[in-house]
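Coordinate analysis (summary)
Spelled out, the chains give:
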Amino acid sequence: MAGEPQDDCLFCKIVARQIPATIVRETETTLAFRDINPQAPTHVLVVPKAHYKNAAELAEAAPALAADVLAETRAVADEEKLESYRTVFNTGSGAGQTVWHAHAHVLGGRGLEWPPG
Ligand code: 5GP
Ligand code: ZN
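Only a predicted model underlies this, so the values are computations on that prediction, with no experimental measurement involved.

What follows concerns the site of ligand 1. Around ligand 1 sit 16 residues in total, of which Asp35, Asn90, Gly96, Thr98 and His105 are the nearest. Separating a nitrogen atom of ligand 1 from a backbone N or O atom of Ile36 is a distance of 3.3 Å. Between ligand 1 and His105 there is a distance of 2.8 Å, counted from an oxygen atom to a side-chain nitrogen or oxygen. In isolation ligand 1 offers 530 Å² of accessible surface; the protein chains occlude 83% of this area. Secondary structure elements with two or more residues in the shell around ligand 1: α1 (10-15) and β2 (30-34).

Given below as structure tokens:
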């Protein structure tokens with residue numbers, strides 16, 4: 001069920017501290033940790049602690065929690081002293097989503113091209 005922890009979900013396991021991650025911030029509802037395969041000097045993932053499969057499901061089922069995630073992307077950028085940064089939610093395999101627990105990428109510390117690939 002949406003919101004419930006999933007046994008087979010990598011990010012649920014990171015939230016439950018069953019798999020290690022370099023955690024940079026935590027709130028009651030969110031966790032932020034460094035991406036294992038960074039694409040920029042700062043590459044942090046912000047996840048809701050509750051399981052939603054992607055940003056679309058999160059926005060629909062739990063808009064206040066989606067706002068918490070967005071607020072945390074700003075807090076991460078602030079802590080990392082990023083003046084410019086990009087927040088990305090890959091939604092669906094065609095857009096590059098590979099982990100099926102909603103997450104925002106916070107990317108910064110280098111120039112970022114637009115439009116993205
Ligand atoms: P997506 O492709 O779904 O938008 O993003 C998934 C992200 O999770 C990728 O950037 C990938 O590098 C990252 N990732 C995959 N496995 C792990 C892991 O075990 N630990 C951490 N910290 N990041 C991971
Ligand atoms: Zn999950």
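Now, onward.
Let us now look at the side chain of Arg86. Relative to the helices and strands, Arg86 resides in strand β4 (residues 85-88). Buried and without a salt bridge, Arg86 has Glu113 as its closest oppositely charged side chain, separated by 7.9 Å. Within the local environment of Arg86, its side chain forms a polar contact with the backbone oxygen of Leu112, the two atoms lying 3.4 Å apart. Reaching out from Arg86, the side chain makes a polar contact with the backbone oxygen of Glu113 at a distance of 2.9 Å.

With that settled, consider the packing of aromatic side chains. Counting across every chain of the model gives one aromatic pair. Note on Phe11 and Phe33: the rings are 5.3 Å apart at their centroids and 75° apart in plane angle, and the pair reads as edge-to-face. Taken together, the residues Phe11 in helix α1 and Phe33 in strand β2 connect sequence positions 22 residues apart. With respect to class, Phe11 is no different from Phe33; both count as buried.

Further remarks concern the coordination of the zinc ion (ligand 2). Only Cys9 (SG), Cys12 (SG), His51 (ND1) and His101 (ND1) from the protein reach the zinc ion (ligand 2) as donors, at distances of 2.0 to 2.3 Å. Around the zinc ion (ligand 2), the four donor atoms are arranged such that angles at the metal cover 107 to 115°; this shape is classified as tetrahedral. In primary sequence terms, the donor set of the zinc ion (ligand 2) follows C-x2-C-x38-H-x49-H. Of this pair, Cys12 sits in helix α1 while His51 sits in the loop between β3 (42-48) and α2 (55-61), placing them 39 residues apart in sequence.

What counts and how
Residues numbered from 1 in each chain as written. Chains lettered and ligands numbered in written order. Predicted model: local features only at pLDDT ≥ 70, side-chain atom pairs only at ≥ 80, totals over all residues. Heavy atoms only, no water. Near = heavy atom within 4 Å. Polar contact = N/O pair within 3.5 Å; in protein donor to acceptor, adjacent residues only side chain to side chain. Areas by Shrake-Rupley, 256 points an atom, 1.4 Å probe, with all protein chains shown as cover. Helix = DSSP H or I, 4+ residues; strand = E, 2+ residues; numbered from the N terminus. Buried < 20%, exposed > 50% of the residue type's maximum accessible area, 1.4 Å probe, protein only. Lys, Arg positive; Asp, Glu negative; His and termini not counted. Salt bridge = Lys/Arg side-chain N within 4 Å of Asp/Glu carboxyl O. Phe/Tyr/Trp six-rings, centres within 6.5 Å; stacked < 30°, edge-to-face > 60°. Donors = N, O, S within 2.8 Å, 3.2 Å for Na, K, Ca; no water. Tetrahedral: all angles 85-135°; square planar, octahedral: opposite > 155°, others 65-115°.

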